[in-house]
Amino acid sequence: MLNTLRTIVRVVLGLFFVVSAVAKVQEFDQLELYIFSFGWLSLGVSFWVARLLVAVECIVGAALVFNIRRRAASWSALGLVVVFSAFLGYALLVGRGDNCHCMGEFIEMSPEQSLLKNALLFLGLGFILPQRGGLNLRGWACAAISIVVFGAICIISPPDNINPHLSYDKVLNTAHFDSLSTAQGRRIVCLYSTECPYCELASSKIASIARRHELTDNVEVWFARLGNNTDERINAFYERTLSPSFAHSTLPFKEFLTLTGGEMPVILLVDGDSVVREYNYRTIDEREIRNFFDK
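Report on the accompanying structure. (Residues numbered from 1 in each chain as written. Predicted model: local features only at pLDDT ≥ 70, side-chain atom pairs only at ≥ 80, totals over all residues. Heavy atoms only, no water.)

## A word on the overall build of the protein
Right, so step 1: Looking only at helices and strands, the protein features eleven helices and six strands.
Right, so step 2: Considered along the principal axes of its C-alpha atoms, the protein spans approximately 75 × 40 × 30 Å.
Right, so step 3: For the protein, the computed accessible surface area is about 14,800 Å², with 60% contributed by carbon and sulfur atoms.
Right, so step 4: Charged side chains of the protein number 26 positive and 28 negative; the gap between the two group centres comes to 14 Å. (Helix = DSSP H or I, 4+ residues; strand = E, 2+ residues; numbered from the N terminus. Areas by Shrake-Rupley, 256 points an atom, 1.4 Å probe, with all protein chains shown as cover. Lys, Arg positive; Asp, Glu negative; His and termini not counted. Charge placed at Lys NZ, Arg CZ, Asp CG, Glu CD.)

Okay, here's the thing in structure tokens:
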């Protein structure tokens, strides 16, 4: 009876890890930004770490479900829970209360809620550890399966820095930009709408890059003016994206569309009155931005 109960718990825990991994795949952009926002890793490395975490979670979960190397899978799952819990504890210490993306955007969880979930996982994994047996695949087979899973994840959602299908056609109306721009020096100019989800992704990336490389004073934002309560919309936008209140201005919506060709967001590297580089939310290049200001 106890062994049957342990089998049920093992399968349920394995399915939970698999579902958690799948939920993260659906929202890789958010997971990458969450990892990057702590300032430990570059944006490019964050792309790969996000996919590696998902692959490990998926492999461990599948091993638990199909009873493959049961003891190793259980200990690996425990290790994951411990590492994730340590990370969540750090997030709490630095005052992060936003969604930790443990379940992607499928179920939003604060670090406190996720730590409670991890405590339950820890108890469940401790309960199944004494169970023995299972299918013992050879080491080379496990390694091959791991490589296939990681490769499949990268094919399904390629990191932006190696995505062969990722391209960006310039949309900026340069003449119109020149007539509006008055600031001098090297700067990042961001054109956002407060109601655009892709603008929020871009804003989170730019905010993290600015903090990491001490460029906060070199960022200016132009918002499309949408009806009333513009200031409230902008403040809410900054809060949602965990961005500092960059120097910003607003443009009438029609003028904004003329400037961007209807595309948004548009992020520019500007030197004096010359636009040096133009990005959308996916093509933002941290290294290129850093080099631009290091010249």
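Additional details are given in the paragraphs that follow.
## So, the sheet that holds strand 5 (residues 266–271)
Right, so step 1: One open sheet holds the five strands; their spatial order is 4-3-2-5-6, and the pairing between them is mixed. Of all the strands in the sheet, just strand 4 (247–252) and strand 6 (274–279) have a single pairing partner and so form its edges. Neighbour-to-neighbour, the strand axes of this sheet turn through a mean angle of 25°, independent of strand direction.
Right, so step 2: Examined bridge by bridge, strand 2 (residues 186–192) and strand 5 share six bridges and lie antiparallel to one another. (Pairing = 2+ DSSP bridges. Axes fitted to C-alpha atoms, helices over the stretch in contact; angles between N-to-C directions.)

## A closer look at the state of the cysteines
Right, so step 1: Under the counting rule described, the total for this entry stands at zero disulfides.
Right, so step 2: Between Cys58, a cysteine without a disulfide, and Cys154, which holds the nearest cysteine sulfur, the sulfur-to-sulfur distance is 13 Å. (Disulfide = S-S within 2.5 Å.)

## Focus on the environment of Leu13
Right, so step 1: Relative to the helices and strands, Leu13 resides in helix 1 (residues 2–25).
Right, so step 2: By relative accessible area, Leu13 is classed as buried at 8%.
Right, so step 3: Put simply, Leu13 and Gly61 are 48 residues apart on the chain and 7.2 Å apart in space, counted from C-alpha to C-alpha.
Right, so step 4: Filtering out sequence-adjacent residues up to four positions away, Leu13 remains in contact with Leu64, Leu121, Gly124, Leu125 and Ile128. (Buried < 20%, exposed > 50% of the residue type's maximum accessible area, 1.4 Å probe, protein only. Contact = heavy atoms within 4.5 Å.)

## A few points about the packing of helix 3 (residues 43–65) against helix 4 (residues 70–93)
Right, so step 1: Closest axis-to-axis distance for the helix 3/helix 4 pair is 9 Å, and the angle between their directions is 140°. For the element pair helix 3 and helix 4, the recorded crossing hand is left-handed. Contact residues: helix 3 offers Leu53, Val56, Glu57, Val60, Ala63 and Leu64, while helix 4 offers Ala73, Ser74, Ser76, Ala77, Leu80 and Phe84.
Right, so step 2: Residues that form the contact of helix 3 with helix 4 fall into these classes: nine nonpolar, two polar and one charged. (Left-handed = near helix turned anticlockwise from the far one by under 90°. Nonpolar A, V, L, I, M, F, W, Y, C, P; charged D, E, K, R; others polar.)

## Overview of the side chain of Ser37
Right, so step 1: Summarising the element assignment, Ser37 is placed in the loop between helix 2 (28–36) and helix 3.
Right, so step 2: Polar side-chain contacts of Ser37 include one of 3.0 Å to the side chain of Arg96.
Right, so step 3: Excluding residues within four positions of it along the chain, Ser37 makes contact with Arg96 and Ser208. (Polar contact = N/O pair within 3.5 Å; in protein donor to acceptor, adjacent residues only side chain to side chain.)

## A few points about a nonpolar patch on the surface
Right, so step 1: A cluster of nonpolar side chains, Trp40, Tyr90, Leu93 and Val94, forms an exposed patch at the surface whose accessible area comes to about 450 Å².
Right, so step 2: Mapping Val94 onto the fold places it in the loop between helix 4 and strand 1 (102–105). (Patch = residues over 30% accessible without salt bridge, like charges linked within 9 Å, V, L, I, M, F, W, Y side chains within 5 Å. Salt bridge = Lys/Arg side-chain N within 4 Å of Asp/Glu carboxyl O.)

## A word on the pairing of strand 6
Right, so step 1: For strand 5 and strand 6, the ladder comprises five bridges, and the chain directions are antiparallel. Bridged to Leu268 within strand 6 is Glu278.
Right, so step 2: Between strand 5 and strand 6, which pair antiparallel one after the other, the connecting turn spans two residues, and Gly272 there sits at a positive phi close to 65°.

## Some details on the pattern of salt bridges
Right, so step 1: Per the stated rule, a full pass over the model turns up ten salt bridges.
Right, so step 2: The partner of Arg282 in a salt bridge is Asp29, with the nearest N and O atoms 3.1 Å apart. Within this pair, whereas Arg282 is found in the loop between strand 6 and helix 11 (286–294), its partner Asp29 is found in helix 2, the two being separated by 253 residues in sequence.
Right, so step 3: Arg282 sits in the partly exposed class, given a relative accessible area of 25%.
Right, so step 4: For Arg277, the salt bridge identified is with Glu288, shortest N-O distance 2.8 Å. Of the two residues, Arg277 is situated in strand 6 and Glu288 in helix 11; the sequence distance between them amounts to eleven residues.
Right, so step 5: A relative accessible area of 30% means that Glu288 is categorised as partly exposed.

## A closer look at the packing of helix 2 against helix 3
Right, so step 1: Packing of helix 2 against helix 3 brings their axes to within 9 Å, and their N-to-C directions diverge by 120°. Two packed elements cross with a definite hand, and for helix 2 against helix 3 that hand is right-handed. Contact residues: Phe28, Leu31, Glu32, Ile35 and Phe36 in helix 2; Leu43, Ser46, Phe47, Val49, Ala50, Arg51, Leu53 and Val54 in helix 3.
Right, so step 2: Its residues assigned to classes, the contact of helix 2 with helix 3 shows ten nonpolar, one polar and two charged.

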